[in-house]
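Report on the structure
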Amino acid sequence: MYDKKFTRKVFLNYIIGISSVALFSSIALPVLIYITPPKGDDIDISKVTAAKVGDLLPNSAKIFRFGNKPAILINTAKGILKAFTAVCTHLNCTVQYSPEAGHIWCACHNGRFDLNGKVISGPPPRPLEEYNVNVAGEDIIVSKKD
Amino acid sequence: MDAPKIKDRLIKWVEENYHIEPFKDIVIKKQVPLHEYSAWYYFGGITLFLFIIQIITGILLLFYYKPTEGAAFESVRFIMTKVEFGWLIRSVHAWSANLMIFTVFIHIFSTFFLRSYRPPRELTWITGVFLFFMTLGIGFTGYLLPWNELSFFATKVGTQIAGSVPYVGGFLRTILRGGEEVSDATLGRFFACHIIVLPLCIFAVLGLHLAFVQLQGMSEPLSVKDRQEKKSIPFFPNFLLRDILAWMLALGVLASLAVYLPAELGKKVDPFVSTPAGIKPEWYFLWMFQTLKLIPSKIFIFDGEVIGILGFGVMGFILLILPFIDIWSRKEKKNLFLTLLGIFMLIFMIFMTVWGLIDKGRQ
């Protein structure tokens with residue numbers, strides 16, 4: 001028959017155990033919070049001047065900075081300006097425009113997107129976010145869709 | 001006073017003051033089995049030797065390296081172009097890292113095929129698997145430090161893989177990157193992990209691993225264990241001398257690679273350019289990288305990459321608990337299915353790695 005009395009020794013063992021957990025937590029928790037970077041790194045912008053009119057020949061593209069993430073501005077073979085996030089939805093590589101194939105390509109895992117940002121082939125699970133493109137005077141303005 | 005006398009007096013002084021007899025007994029009485037598979041025993045020692053080289057060359061690189069976004073690439077270029085023998089030190093560091101990971105792979109596979117993890121050596125295996133994971137970690141964190149294009153995008157992919165883990169992925173990715181993106185903050189974190197956090201953890205686990213090996217001795221393969229006539233050699237000095245010979249051979253290979261194929265620096269990171277064609281991680285991650293290319297974007301309702309990454313996680317966990325799930329080796333029996341599974345895994349990894357090396361990527 002199991003008969004363990006709640007002696008002073010058992011009580012002290014409990015107290016020491018609980019105190020040890022509390023002590024460890026009081027050290028580990030601030031360390032964990034310390035290594036979690038503070039918010040505020042993201043530059044949240046909704047509009048940016050991506051290029052000047054005439055910078056991009058038809059069937060070419062350029063990567064530009066949209067906040068702190070890369071985005072891609074494409075002048076299609078038909079001369080239509082398109083812009084998307086350049087961050088591949090698979091594993092975050094920066095995509096590029098393939099003038100030969102006329103689509104967007106990710107070099108990391110061979111993901112391909114059409115000029116509407118939709119996945120054509122490869123492992124990317126989601127389409128690329130498309131941005132609005134407007135021309136204001138000499139500037140090509142790219143903005144987030146509402 | 002002549003040299004032997006000084007040596008004898010020194011040994012006597014140590015013995016009198018530090019009571020080292022139990023340790024001395026272990027070393028002197030230890031025997032190493034001698035059989036047709038004995039060659040595999042040396043790869044653990046070679047790995048240790050290469051780790052020591054890593055520490056020495058790593059400390060030397062620290063004299064000049066600057067872990068900031070603005071200075072990292074330039075400081076490595078300075079080491080390679082301005083500092084006398086700087087190119088050699090960096091090259092030895094880079095090559096010994098690669099060779100160390102290579103010998104770790106050989107060590108872990110040979111231990112698997114010889115079933116050396118069977119009781120009573122479960123903890124030796126578990127500490128070894130942890131050392132394997134930490135070695136990959138130290139390779140991954142060190143790869144970013146030159147702050148070149150290849151390492152930048154490899155880190156982006158690698159940290160995003162951590163980010164794909166369900167529920168905690170976002171938190172893990174932020175902790176690893178030090179923010180939302182791979183940046184200066186990531187470089188600082190990787191530097192701290194590479195030179196302090198991981199080496200300290202490796203020291204601790206390596207201490208246990210080596211202590212287990214010394215206390216329990218080398219495992220005998222199942223096919224050798226029941227032989228009538230067994231051969232063995234003393235660990236000290238016979239096996240140790242052979243070990244040192246293996247180290248010298250490893251040093252020769254390392255020096256040749258470092259001199260004839262010096263480590264390259266690549267192009268400095270520009271976070272706002274497209275990932276270049278032909279991008280690939282270090283060779284030891286290549287089989288996983290290549291596998292991820294083949295997984296479709298959706299598997300049922302799940303994202304393909306999540307399934308792939310969970311698959312790798314499950315494989316790592318199975319590797320860790322192998323001594324407890326290999327019920328055959330626990331009964332001192334070899335299981336052909338498990339051997340074939342290991343051979344398949346090895347061929348798969350080699351095939352995917354070679355494919356990854358020759359795959360240039362097509363637009």
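My aim in this report is to walk through the structure given alongside it, one point at a time. Please read all numbers here as calculations on a predicted model, not as lab measurements. (Residues numbered from 1 in each chain as written. Chains lettered and ligands numbered in written order. Predicted model: local features only at pLDDT ≥ 70, side-chain atom pairs only at ≥ 80, totals over all residues. Heavy atoms only, no water.)

**Remarks on the interface of chain A and chain B**
Definition in use: In what follows, residue pairs with any heavy atoms lying within 4.5 Å of each other are defined as contacts. Buried area is understood as the total, over both parts, of accessible area removed when two parts are fitted together, assessed with a 1.4 Å probe. The salt bridge criterion pairs a side-chain nitrogen of Lys or Arg with a carboxyl oxygen of Asp or Glu, the two atoms within 4 Å. Any N or O atom pair separated by 3.5 Å or less is treated as a polar contact, with the protein-specific requirement of one donor-capable and one acceptor-capable atom, and with residues adjacent in sequence counted only for side-chain atom pairs. Helix and strand definitions follow DSSP, with helices as H or I runs of at least four residues and strands as E runs of at least two, each counted in order from the N terminus. Gly is placed with the polar residues, together with every amino acid not listed as nonpolar (Ala, Val, Leu, Ile, Met, Phe, Trp, Tyr, Cys and Pro) or charged (Asp, Glu, Lys and Arg).
Across the contact, 35 residues belong to chain A and 35 residues belong to chain B. Counting the surface lost from both chain A and chain B, the interface buries some 2900 Å², and carbon and sulfur atoms represent 55% of this. Sorting the residues of chain A by area buried against chain B places L91, N92 and H109 of chain A first, and these three jointly supply 20% of that buried surface. Remark: the boundary between chain A and chain B carries 2 salt bridges. The partner of E181 of chain B in a salt bridge is K69 of chain A, and the shortest N-O contact between them spans 3.4 Å. Seen at the junction of chain A and chain B, the total is 10 residue pairs in polar contact (both at pLDDT 80 or more). For the side of chain A that touches chain B, the element with the most residues is strand β2 (residues 60-66) of chain A, which contributes 3 residues. The residue makeup of the side of chain A that touches chain B, split by class, is 17 nonpolar, 11 polar and 7 charged.

**Quick look at the environment of L341 of chain B**
Examined against the element boundaries, L341 of chain B turns out to sit in helix α15 (residues 336-358). With 315 residues separating them in the primary sequence, L341 of chain B and I26 of chain B have C-alpha atoms 37 Å apart.

**With respect to the state of the cysteines**
Residues and elements named next belong to chain A. Our working rule: The disulfide definition used here is simple: a pair of cysteine sulfur atoms within 2.5 Å. Throughout, exposure labels follow a simple rule: accessible area from a 1.4 Å probe, protein chains only, divided by the maximum for the residue type, with under 20% read as buried, over 50% as exposed, and the rest as partly exposed.
One pass over the structure, following the stated rule, counts 1 disulfide over all chains. In this model, C93 is linked to C108 through a disulfide, with the two sulfur atoms separated by 1.9 Å. Judged by the sign of its S-S torsion, about -80 degrees, the cystine formed by C93 and C108 is left-handed. In this pair, C93 is assigned in the loop between β4 (81-85) and β5 (96-98) and C108 in the loop between β6 (103-106) and β7 (111-113), connecting sequence segments 15 residues apart. Pair check on accessibility: C93 and C108 agree, each one buried. With no disulfide partner, C106 has as its closest neighbouring cysteine sulfur the one in C88, 3.9 Å distant. Look at C106 and you get buried, because its relative accessible area is 2%.

**Points about the environment of N17 of chain B**
All names here are of chain B. Counting through the fold element by element, N17 comes out in helix α1 (residues 3-18). Among the residues examined, N17 registers a relative accessible area of 40% and is labelled partly exposed. At 2.7 Å, the side chain of N17 and the backbone oxygen of W13 are in polar contact.

**What about the pattern of salt bridges?**
Residues and elements named next belong to chain B. Throughout the structure, instances matching the rule amount to 18 salt bridges over all chains. D226 is paired through a salt bridge with K225; the nearest N and O atoms lie 3.3 Å apart. Each of R118, K225, D226 and E332 takes part in one network of salt bridges that share partners.

**Topic: helix α13 (residues 304-325) of chain B**
Stated formally: To get the bend at any residue, fit one axis to the seven residues that end at it and another to the seven that begin at it, then take the angle between the two axes.
Largest kink in α13 of chain B: about 45 degrees, centred on L319 of chain B, with the proline P323 of chain B one to four residues after it. Those residues of α13 of chain B not exposed but buried are G304, E305, V306, G308, I309, F312, G316, L320, L322 and P323 of chain B.

**Some remarks on the pairing of strand β3 (residues 69-75) of chain A**
Residues and elements named next belong to chain A. The test is simple: Here the rule is simple: two strands pair whenever DSSP picks up at least two bridges between them.
Counting buried residues in β3 gives 6 out of 7 residues, a clear majority hidden from the surface. Between β2 and the antiparallel strand that follows it, β3, lie 2 residues; G67 among them carries a positive phi value of about 70 degrees. Sheet topology places β3 next to β4; 5 bridges connect them, and they run antiparallel. Its bridge partner lying in β4, A71 is registered against T85. Hairpin connection of β3 to β4: 5 residues between the antiparallel strands, including G79 at a positive phi of 85 degrees.

**Section: helix α6 (residues 122-144) of chain B**
Applied cut-off: In a helix, the anticipated span is given by 1.5 Å times the number of residues less one.
In this model, α6 of chain B (23 residues) spans 34 Å end to end at C-alpha, consistent with the 33 Å of a helix rising 1.5 Å per residue. In terms of residue burial, α6 of chain B counts as a mostly covered element, since 20 of its 23 residues are buried.

**Notes on the side chain of K280 of chain B**
Residue and element names in this part refer to chain B. Along the chain, K280 falls in the loop between α11 (235-260) and α12 (283-294). Here G356 takes part through its backbone oxygen, which lies 3.1 Å from a polar atom of the side chain of K280. Apart from residues lying up to four places away in sequence, K280 is in contact with Y143, L150, L286, F289, G356, L357 and D359.

**A closer look at the nonpolar core**
The test is simple: Side-chain atoms within 4.5 Å are what join buried Ala, Val, Leu, Ile, Met, Phe, Trp, Tyr and Cys residues into a set we call a nonpolar core.
Core analysis: the biggest nonpolar cluster contains 65 residues, and I72, V95 and I104 of chain A together with Y65, W125 and W147 of chain B have the highest contact counts within it. Ranked by the residues each element gives to this core, the list is headed by α6 of chain B, at 7 residues. Beyond its immediate chain neighbours, meaning those up to four positions away, Y65 of chain B contacts A72, S75, V76, I79, L145, L187 and F191 of chain B. Among the nonpolar cores identified, the runner-up in size contains 30 residues, and Y42, I46, L198 and A258 of chain B belong to it.

**Considering the sheet that holds strand β9 (residues 130-136) of chain A**
Residues and elements named next belong to chain A. To be explicit about the condition: Interaxial angles span 0 to 180 degrees and are taken between N-to-C directions of axes, which are lines fitted to C-alpha atoms, for helices over the stretch in contact.
If you trace the 6 strands from one edge of the open sheet to the other, you get β1-β10-β9-β4-β3-β2, paired in antiparallel fashion. Looking along the sheet, the strands with just one partner apiece sit at the ends: β1 (47-52) and β2. Sheet twist, expressed as the average angle between the axes of neighbouring strands with direction ignored, equals 30 degrees. Note that β1 and strand β10 (residues 139-144) share 5 bridges and pair antiparallel. Among the inter-strand pairings, K52 is bridged to a residue of β10, identified as D139.

**Re the environment of G169 of chain B**
Residue and element names in this part refer to chain B. Summarising the element assignment, G169 is placed in helix α8 (residues 169-177). By relative accessible area, which is 1% here, G169 ends up buried. The spatial distance from the C-alpha of G169 to the C-alpha of T159 is 9.4 Å, given a sequence separation of 10 residues.

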